[in-house]
Amino acid sequence: MESRAINFGAGPSALPTSVLQEATKGLLNFKGTGMGIAEISHRSKEFTAYLQSVEQNIRKLLDIQPTHSILFTQGGGSTQFSAVVLNMLARHRLLHPQLTDEDRVLDYVVTGSWSKKAAEEARRMGGSTVNIAADSRKYSKDQKSFDNIPTADAYSFSNDPALIYYCANETVDGVEFSAEENSPASFPFQLLPRNALLPLVGDYSSSFMSRQIPHLSDHAIIYAGAQKNVGPAGLTILIVRNDCIVDVDAAARLGAIPVPICLSYKKLADHNSLYNTPPVLSIYITGLVLEYMLQLGGLDYYADLTNRKSKKVYDVLKCGENKGIFKGKVKEGSGSQMNIVFDVLGEGLLAKFIAGAEERGMKGLKGHRSVGGVRVSIYNAVTEEETDLLISYMEQFAGQHKVDKE
């Protein structure tokens, strides 16, 4: 087989080579049907059985209880910016039909580009008041960068909001809520009411299946685009608490915003995610990835792997900082384990760093166009050996170049 590039891109991401090889078989003949997975009916008994197995493996890996349903849809996380608002406002309307739109509050924790976009979409849709429960830019060095996760004293949650939104990992800005509950950078679950059905919504697109999700059972909705850790682009996975799967048409009759039929969680749930044609090929490859993950030991294996890879990258970044070549963009303790961002100092050295990486078969290291610099995305399928090759290159680069200090 021809040598493959090392994909450090932020998404669509790397996929395990063995999974891709297995997928080629299914493209020609899925489950002995004589038809490829891209050709077969989504209502065939073979595919519906496969879809059920994908759900079961997600439940197994994340220990999801029957209190939550798993739904498969399309449109990515950006579509869920709208869908979560519509479905949770419908739920709130059924619970509190007497409230005015202004009295229906949506709490947003803004820690990066994606949570900022989610809050903007909520405002655009109307039907509620958007409250920014925390904005990490206030605590940045320049008062405008997303370079930190706020500490617990920075949050101001509303009383009985229709939803509380946060993004677990920000791919553009490289910040992530810590999984360690005693960390100052962890999400402040302790500030939320206890023994209540919380309207908590988590965007886990870029850290999904890299480790367990803290307080998963307390969430109303968790969603994730598959194209970071578990599959190709095209599939969005939803984990929805059953009390949030509501009759949106009944809510509309009470004055709620009508929900487009393919954004209704109830419609998806009632039809086992088969109301319309789902992203069949994406689901197939995702299923193969999940089976592969279980064979390797599940999320315990991947959490350990992620910890080792990210520590190595942050350690070499620190060494490069000490030499004046690299400069991290995120405050210590708030950095993402999935997307590590930094600048290369010195005139022309950023372009030289990217070009040198490309020559060594390392792709996708250029930072997001809105922030520049370097972004190292080390999703599940990026191996420790591939990460070590990047480490060696960063060490070599830092040793070969000097930046004049004025």
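Anything mentioned here points back to the structure above.
Summarised in this report is the structure supplied together with it.

What follows concerns the pairing of strand β10 (residues 236–241). With six of six residues buried, β10 is to be regarded as a mostly interior element. Alignment of strand β2 (residues 68–73) against β10, held across six bridges, turns out to be antiparallel. By the bridge assignment, Leu 71 is partnered in β10 with Leu 238. Of the pairings in the sheet, the one linking strand β9 (residues 219–225) to β10 comprises five bridges and is antiparallel in character. Across the sheet, Ile 222 pairs through a bridge with Ile 239, a residue of β10.

Look at helix α2 (residues 45–62) against helix α7 (residues 280–296): their axes get within 9 Å of each other, and the N-to-C directions meet at 45°. Classified by the interaxial angle, the pair formed by α2 and α7 is oblique. As α2 runs across α7, the sense of the crossing is left-handed. Mapping the contact onto sequence places Phe 47, Tyr 50, Leu 51, Val 54, Asn 57, Ile 58, Lys 60 and Leu 61 in α2 and Val 280, Ile 283, Tyr 284, Gly 287, Leu 288, Leu 290, Glu 291 and Leu 294 in α7. Of the residues belonging to the contact of α2 with α7, the class tally is 12 nonpolar, two polar and two charged.

This part covers the sheet that holds strand β14 (residues 374–377). Spatial strand order, β11-β12-β14: three strands in an open sheet with antiparallel pairing. At either end of the open sheet lies a strand with only one pairing partner, and these are β11 (326–328) and β14. Strand-to-strand twist of the sheet, defined as the mean angle between neighbouring strand axes without regard to direction, takes the value 35°. Across the sheet, helix α8 (residues 298–322) is in contact with β11 and β12 (339–344); its angle to β11 comes to roughly 125°. Lying over the sheet, helix α9 (residues 349–359) contacts β11, β12 and β14, oriented at roughly 130° with respect to β12.

This paragraph deals with the layout of surface pockets. Within this model, the largest pocket holds a volume of roughly 1300 Å³. Taken together, 47 residues make up the lining of the largest pocket; nearest its centre are Tyr 314, Val 330, Lys 331, Ser 334 and Gly 335. With 10 residues, α8 is the largest single contributor of residues to the lining of the largest pocket.

What counts, and at which threshold
Residues numbered from 1 in each chain as written. Predicted model: local features only at pLDDT ≥ 70, side-chain atom pairs only at ≥ 80, totals over all residues. Heavy atoms only, no water. Buried < 20%, exposed > 50% of the residue type's maximum accessible area, 1.4 Å probe, protein only. Helix = DSSP H or I, 4+ residues; strand = E, 2+ residues; numbered from the N terminus. Pairing = 2+ DSSP bridges. Axes fitted to C-alpha atoms, helices over the stretch in contact; angles between N-to-C directions. Parallel < 35°, antiparallel > 145°, perpendicular 65-115°, else oblique. Left-handed = near helix turned anticlockwise from the far one by under 90°. Contact = heavy atoms within 4.5 Å. Nonpolar A, V, L, I, M, F, W, Y, C, P; charged D, E, K, R; others polar. 1 Å grid on protein atoms, 1.4 Å probe; cavity = no way out; pocket = protein on both sides within 12 Å on 5 of 7 lines; lining within 4 Å. Points joined across faces, edges and corners; volume = space filled by probe spheres on them.

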